Amino acid sequence: MNSEQQYLDLFTANRELIDRNSAVAMNALREQAFADFARLGFPTRKVERYKYTDVAEAFAPDYGVNLKRVEFAVNPYEAFRCDVPNLSTSLYFMLNDAFWEKALPSAALPPGVVVCSLRRAAQEFPEKVEACYGRLARTGKDALNALNTMLAQDGLFVYVPRGVAVERTIQVVNLLRSDVGLMVNRRVLVVLEEGAQARLLFCDHAMDDRDFLTTQIVEVFAGENSHLELYELEETHVKNRRFSNMYVDQQRDSVVSLYNFTLHNGLTRNRTDVTLSGEGAETNLYGGVIADKEQHVDNNTLIDHRVGRCTSRQLYKYVMDDRSTGAFAGRVLVRHGAQQTVSEERNANLCATPEARMYSQPMLEIYADDVKCSHGSTVGQMDEQALFYMRQRGISLDEARMLLKFAFAGEVIDAISLEALRDRLRHLVEKRFRGELSRCSGCRMCK
Amino acid sequence: MLEIRDLHASINGKEILKGIDLTVKPGEIHALMGQNGAGKSTLSNVLVGNPAYEVTRGSVTFNGKDLLALKPEERAHEGLFLSFQQPVEIPGVSMVNFMRAAVNAKRKYQGLEPMGAGDFLKMMREKRKIVELDSKLANRSVNEGFSGGEKKRNEIFQMAMLEPKLSILDETDSGLDVDALRIVAEGFNKLRTPETSALVITHYQRLLDYLRPDVVHVLMAGRIVKTGGPELATEIEQRGFDWIKAETEAV
């Protein structure tokens, strides 16, 4: 039996159950998603953007899916200790794919701002959700979009109305919790209207030592002159498989900065697809990866400069140890007429062992004639001279290697504009390199 | 303090050192002179344990311990310091973190607690003055963007922080202007004690004018061919090495 069949069967057999435990706006796209998934099947490595990760293999095992929406008996506020103590955030939890509604942060959000369950949002503001849901993550062009749209029942909705600036960081902790292997299909919708400002911090943790498979689709709508910083921090374990597709649409003069750090994981594939639809928009993508053991991290990006006068920057740095594999493929597309585009793309990688593998593929495709674009990548090893210099000063080989790795990753950590988070991440990365972060440091259950 | 006996060493299979015998006593300064390719830098690299070099024969005892059996970091902890001919740039590692790691590694080796942040920064400030280094030093990356003179001053600064028993100065004077040479040499002299020794590798007399070596050796083709007092350095400055070469070949 091929890997797809069990998901098609699951959907066919449980169609009514899935619908009943979701919302109309989400159910509306299922039939098409099913047809698209049946037609597309899982992408093979022959599909360029899936070249570096074997999707079908990851989806082959039979995971449980919580279609009945059985609640897990856990209070995340008790189970989870905030990892960023000096950062005052509005803290929310997602338990698997369900928004934790029982206790909400006491600090109120500005009037009109909504942070809630996507299912609830689809019931309370159907027009807002219907206008956006599935508009960017088209099911016809990507099998994972189709699979997620077919099965997802809930997720997160963030809405910031016109002209409103949310001062306090909105932190959402995604907790994976299950006594048996579990597949989680999470859906996130972020809508910033004209002139809105927000900072989001998504942290992924796994509370149980189980096999998890997560598909996540994030759709971000950044209105004219809106400002968004979105941080994603994955700190799960080696049995987690994460497939995340993020789609961003940016209107005129909007500024979106996306930061993605993989601190600890099993297998991760992050697709980031940014469309610059309005002139003067700016997008910044920063990625930091630390991998060892047999971890696998694949970041795949597309920045589509549809119109002129937009700016895009990408900086991804990987530190690969043991037998880990990393991949970065970043495609910048400057379309015909997108004049005065400024684009930089850089991927730098450190392979600390001869067995670690890094695949780097920066791509630049330009159909306009008045642009300033650069792209480059490097893969290097530990600097033996620097190691010896440090050892001569009395620093042990392990410590010297740690200092070099930390220095290498430092550049991308320094790009974080939020000081408390930057300091915290430095601390976490150092702990990670010292081997003190073998699972995740956030939840008590892992202690 | 340091006893080298019949030391042979090679790099990439090529023998460079062909039987070195050298004894350095506490408080002594030995100068090591010789033409390019004589093996001076190889000797310093072998002593501090650079893994690129292979010792094929001989022994080195440092304060009673078998130096060659120790890792480079252990040799440092035992009090051996090399002022590098070409100090290495380490982008992204700040001087303060680098020095803290080095000082605390040594303290751990000695069974001491790590130094408190306040005490450590105070120590950095004091030692910095010895070689007139900038106060911005602490937050700069190790040697990155340093001028040639700053790099050499930084070597002596690190020596001041680590208080070694035996320092090897590998062409610390090369590339320095007159003022920088004076700062480096005077800085070194301030750190001298009756117990500390040094092995100074140089081509020139001018550094030795400041340091006043007790013994001068001439290294040629991997062997010490001549040993004398300070006057030998003066003679080499005037006459070059050819006469020593002729003398050696005659024997």
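Residues numbered from 1 in each chain as written. Chains lettered and ligands numbered in written order. Predicted model: local features only at pLDDT ≥ 70, side-chain atom pairs only at ≥ 80, totals over all residues. Heavy atoms only, no water.

A. Quick look at the pairing of strand β1 (residues 2–11) of chain B. All names here are of chain B. Of the strand pairs in this sheet, β1 and strand β2 (residues 14–24) are connected by eight bridges, and their pairing is antiparallel. If you follow S10 over to β2, its bridge partner there is E15. Turn length for the β1-β2 hairpin, with the two strands adjacent in sequence and antiparallel, is two residues, and the turn residue N12 shows positive phi of about 50 degrees. Sheet topology places β1 next to strand β4 (residues 53–62); eight bridges connect them, and they run antiparallel. Along β4, the bridge assignment pairs A9 with V55. (Pairing = 2+ DSSP bridges. Helix = DSSP H or I, 4+ residues; strand = E, 2+ residues; numbered from the N terminus.)

B. Structural view of the interface of chain B and chain A. Between chain B and chain A, the residue contacts involve 29 residues of the former and 16 residues of the latter. Roughly 1800 Å² of surface becomes buried between chain B and chain A when both sides are summed, with 69% attributable to carbon and sulfur atoms. The largest contributions to the chain B side of the interface with chain A come from E73(B), F84(B) and V88(B), which together make up 27% of the buried area. Where R393(A) meets E155(B), a salt bridge forms, and the shortest distance between an N and an O atom there is 2.6 Å. Of all the secondary-structure elements, those providing two or more residues to the side of chain B that touches chain A are α1 (40–48), α2 (72–77), β6 (80–83), β7 (90–94), α3 (95–109) and α5 (148–162) of chain B. Residue composition of the side of chain B that touches chain A, grouped by class: 19 nonpolar, seven polar and three charged. (Contact = heavy atoms within 4.5 Å. Buried area = accessible area lost by both parts, 1.4 Å probe. Salt bridge = Lys/Arg side-chain N within 4 Å of Asp/Glu carboxyl O. Nonpolar A, V, L, I, M, F, W, Y, C, P; charged D, E, K, R; others polar.)

C. Seen up close, helix α1 (residues 3–20) of chain A. All names here are of chain A. Here α1 is 18 residues long and its end C-alpha atoms lie 26 Å apart, about the 26 Å a rise of 1.5 Å per residue gives. Where α1 bends most, at N14, the angle is about 75 degrees. What α1 keeps buried is the set S3, E4, Q6, Y7, L8, F11, L17 and I18. In this structure, the buried residues of α1 make contact with α2 (24–27), α3 (30–40), α4 (55–59), α8 (143–151), β7 (182–192) and β9 (212–222). (Expected span 1.5 Å × (residues − 1). Bend = angle between axes of the 7 residues up to and from the residue. Buried < 20%, exposed > 50% of the residue type's maximum accessible area, 1.4 Å probe, protein only.)

D. A look at the confidence of the model for chain B. Looking at chain B as a whole, the pLDDT averages 93, with 100% of positions reaching at least 70. Ranking the elements of chain B by mean pLDDT puts helix α9 (residues 242–250) of chain B last, at 86, and β6(B) first, at 98. (pLDDT = per-residue confidence, 0-100.)

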